[in-house]
Amino acid sequence: MYATRYSKPKNIEEGVSALHAAEDGKLLAGGMTLIPTLKQRLAAPDCLIDLSTIGLSGISGAGDGLIIGAMTTHAEVERSADVQKQLPALSVLAGGIGDRQVRNCGTIGGSIANNDPAACYPAALLALAAQITTNKRTLAADDYFTGMFETALAEDEIITEIKFPKTHKASYAKFGNPASRYAMVGVFIAKTDAGGLRVAITGAGQDGVFRHNGLEAALAQSFDVAAIDATAIEDSELMSDIHASADYRAHLIKEMSKRALQAIG
Amino acid sequence: MAQLSIIVNGQRHVNEIADNILLVDYIRETLALTGTHIGCDTSQCGACVVHVNGISVKSCTMLAAQADGAEVTTIEGISDGENLHPMQEAFHEQHGLQCGFCTPGMVMSAIELVEKNKDLSEQDIREGLEGNICRCTGYHNIVKAVQTAASKMQR
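Residue numbering note: each chain is counted from 1, following its sequence as written. Each chain gets a letter, beginning with A, and each ligand a number, beginning with 1, in the order they are written. Only residues with pLDDT of at least 70 are given local features in this predicted model, and only at 80 or more are side-chain atom pairs given and counted; all residues enter the totals for whole chains, interfaces and linings. Excluded from the side-chain calculation are hydrogens and water; included are all heavy atoms of the structure.

Draft legend 1. A look at helix α5 (residues 139-153) of chain B. Given a rise of 1.5 Å per residue, 15 residues ought to cover 21 Å, and the 20 Å separating the end C-alpha atoms of α5 of chain B matches this to within 8%. The criterion used for residue contact is that any of the two residues' heavy atoms lie within 4.5 Å. Helix and strand labels come from DSSP, where a helix needs a run of H or I of at least four residues and a strand needs a run of E of at least two; each type is numbered from the N terminus. On the buried face of α5 of chain B, the contacting elements are α2 (86-93), α3 (103-116) and α4 (122-128) of chain B. To estimate how far a helix should extend, the number of its residues minus one is multiplied by 1.5 Å.

Dropping the structure here:
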């Protein structure tokens, strides 16, 4: 690991100042991606800015919807009574990320800031029409995820919380990579007031998470497995890598969509 | 360099540390507690699992600086003098190890798993230990050991 400085700001302002002062500063959330990246020398930031002590953790279930602080860990989301009651699919999703130690440290804000094309949370945020609040503004999930490992965040923008709207139906099914538990394909189906019926796919797209128009149209017509079966899944825009071909990922999209729908109750 | 103040196995340590030192290296090299192992160094194998404020973490994937002010427990800190922790005893009784390299991490993960979850099924235990890899593939006896310990710890 290259030499780097470490700073622990007490609030957002100090965090932003530390980012401005650094040549190539990086925000450190749970560190589950960033620290392995540093150890492999794939990144060499001159300063790490730890967000763990600026009060961005916690879950509030009051009112219509859920608000989850950016530094809330996957384990906290998995075990939250509010999440289990209002949005159980999100608890299931959080409980399926990585392994227990990853879930104990990894955070929702870190996950969506990194926007790994095989991460689970981006599918939930997009399908649920979530809103991402930062120190500067509030963004709709539709405008936030802009490509593989790319987001609409500015260099000195810090995610503070994620708001999930009132949800009528939600379900997530993933085919995890047997070694890493990253999604080879993950499908999140949701019905919300804010976003209507949506089907978001992670793990498969060349540009990261995306909504599947064909599945959304089919399920809007008829909300059942037969509608998914009758939908053609194009593979020309899907990823091919050592884990799976585009063709196989297309097959998994259909299967995971069916599993998600069957579990939606 | 930064000042680190940390409690490890009940004892406070104050050290000047490099900003980029990993918690596992601090534990092994500065404190000479070599029971915590480095197996893969890529966050996968779990041989380095310790408890930080009661939560199991991979100490190869955390900076020592992140643990400033924390209470850390390593494999050296779980027995009561000469009396083994029930999880250690169960690994011994059930022969839950072959080469033993993964054992410290397995034991630390398993303790947290059992402390936080009641009525664990065999499947729950297997899933709960997903972050720990045994290269001897001795999983059957490890699961048996965790079941044995769970029945003692939760009695």
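Draft legend 2. View of the pattern of salt bridges. The term salt bridge refers to a pairing of a side-chain nitrogen on Lys or Arg with a carboxyl oxygen on Asp or Glu at a separation within 4 Å. Scanning the model with the defined rule gives 18 salt bridges over all chains in all. Among the salt bridges present, the one from Lys39 of chain A reaches Asp41 of chain B, with a minimum N-O distance of 3.0 Å. Here Lys39 of chain A, found in helix α2 (residues 34-39), pairs with Asp41 of chain B, found in the loop between α1 (23-30) and β3 (49-52), and the two come from separate chains. Residue class for Lys39 of chain A comes out buried when judged on its relative accessible area of 15%. Under the relative-accessibility criterion, Asp41 of chain B is labelled partly exposed at 37%. Arg126 of chain B is the salt-bridge partner of Glu122 of chain B, the closest N and O atoms lying 2.9 Å from each other. With Glu122 of chain B and Arg126 of chain B both in helix α4 and 4 residues apart, the pair spans about one turn of that helix. When salt bridges that share partners are traced, they join Asp142, Arg198, Arg211 and Glu216 of chain A into one network. Only protein chains enter the accessibility calculation, which uses a 1.4 Å probe; a residue whose area is less than 20% of its type maximum is buried, one above 50% is exposed, and one in between is partly exposed.

Draft legend 3. Local environment of the nonpolar core. Think of a nonpolar core as a cluster: buried Ala, Val, Leu, Ile, Met, Phe, Trp, Tyr and Cys residues, connected wherever their side-chain atoms sit within 4.5 Å. Membership of the largest hydrophobic core comes to 38 residues, with the highest contact counts inside it found for Leu90, Ile112, Tyr121, Leu125, Ile162, Phe164 and Phe188 of chain A. Looking at this core, the elements that each hand over two or more residues are β5 (66-69), α5 (88-95), α7 (108-114), α8 (121-127), α9 (141-144), β10 (159-164), β11 (167-176) and β12 (183-192) of chain A. Ranked by residue count, the leading element in this core is α8 of chain A, at 6 residues. Here Tyr121 of chain A is in contact with His74, Val77, Leu90, Leu93, Ala94, Ile97, Ile108, Ser111 and Ile112 of chain A, once residues within four sequence places are set aside. Core analysis: the second largest hydrophobic core is formed by 32 residues, Leu28 of chain A together with Ile17, Leu22 and Val57 of chain B among them.

Draft legend 4. Highlighting the domain arrangement of chain A. Residue and element names in this part refer to chain A. Marked domain ranges trace back to an automatic or database domain assignment. Splitting chain A by domain gives domain 1 (5-50) and domain 2 (59-263). Between domain 1 and domain 2, the residue contacts involve 10 residues of the former and 15 residues of the latter. The term buried area refers to how much accessible surface (probe radius 1.4 Å) is lost by two components on association, counted for both of them together. Between domain 1 and domain 2, a total of about 900 Å² is buried, with carbon and sulfur atoms accounting for 75% of that surface. It is Ile12, Ala29 and Met32 in domain 1 that bury the most area against domain 2; as a group they hold 44% of the surface buried on that side. Here domain 1 is connected to domain 2 by 0 salt bridges. Examining the composition of the side of domain 1 that touches domain 2, we find that 5 residues originate from one element, helix α1 (residues 12-21), more than from any other. Across the side of domain 1 that touches domain 2, the residue classes tally to 6 nonpolar, 4 polar and no charged. Following the grouping adopted for this structure description, the nonpolar residues are Ala, Val, Leu, Ile, Met, Phe, Trp, Tyr, Cys and Pro, the charged ones are Asp, Glu, Lys and Arg, and the polar ones are all others, Gly among them.

Draft legend 5. Molecular detail of the environment of Val14 of chain B. Residues and elements named next belong to chain B. Within the element layout of this structure, Val14 appears in strand β2 (residues 11-17). Residue class for Val14 comes out partly exposed when judged on its relative accessible area of 48%. Once the C-alpha coordinates of Val14 and Leu4 are considered, the two residues, 10 residues apart in sequence, prove to be 5.5 Å apart. When near neighbours in sequence (up to four residues on either side) are disregarded, Val14 contacts Gln3, Leu4 and Ser5.

Draft legend 6. Structural detail: the interface of chain A and chain B. Counting residues at the interface gives 24 residues for chain A and 27 residues for chain B. Where chain A abuts chain B, roughly 2000 Å² becomes buried across the two surfaces, and 50% of that area is made up of carbon and sulfur atoms. When the area that chain A buries against chain B is broken down by residue, the three leading residues are Lys39, Arg100 and Gln101 of chain A, summing to 31%. One can count 4 salt bridges joining chain A with chain B. Measuring nitrogen to oxygen at the nearest pair gives 2.7 Å for the salt bridge that ties Lys58 of chain B to Asp99 of chain A.

Draft legend 7. Representation of unusual backbone geometry. If you check the backbone angles, Phe149 of chain A has positive phi at about 60 degrees while not being a glycine. For Phe149 of chain A, the position within the fold is in the loop between β8 (145-147) and β9 (150-151). Note on Phe149 of chain A: relative accessible area 43%, which makes it partly exposed. At Thr137 of chain B, a position not held by glycine, the phi torsion is positive, near 60 degrees. You can see Thr137 of chain B is positioned in the loop between α4 and α5.

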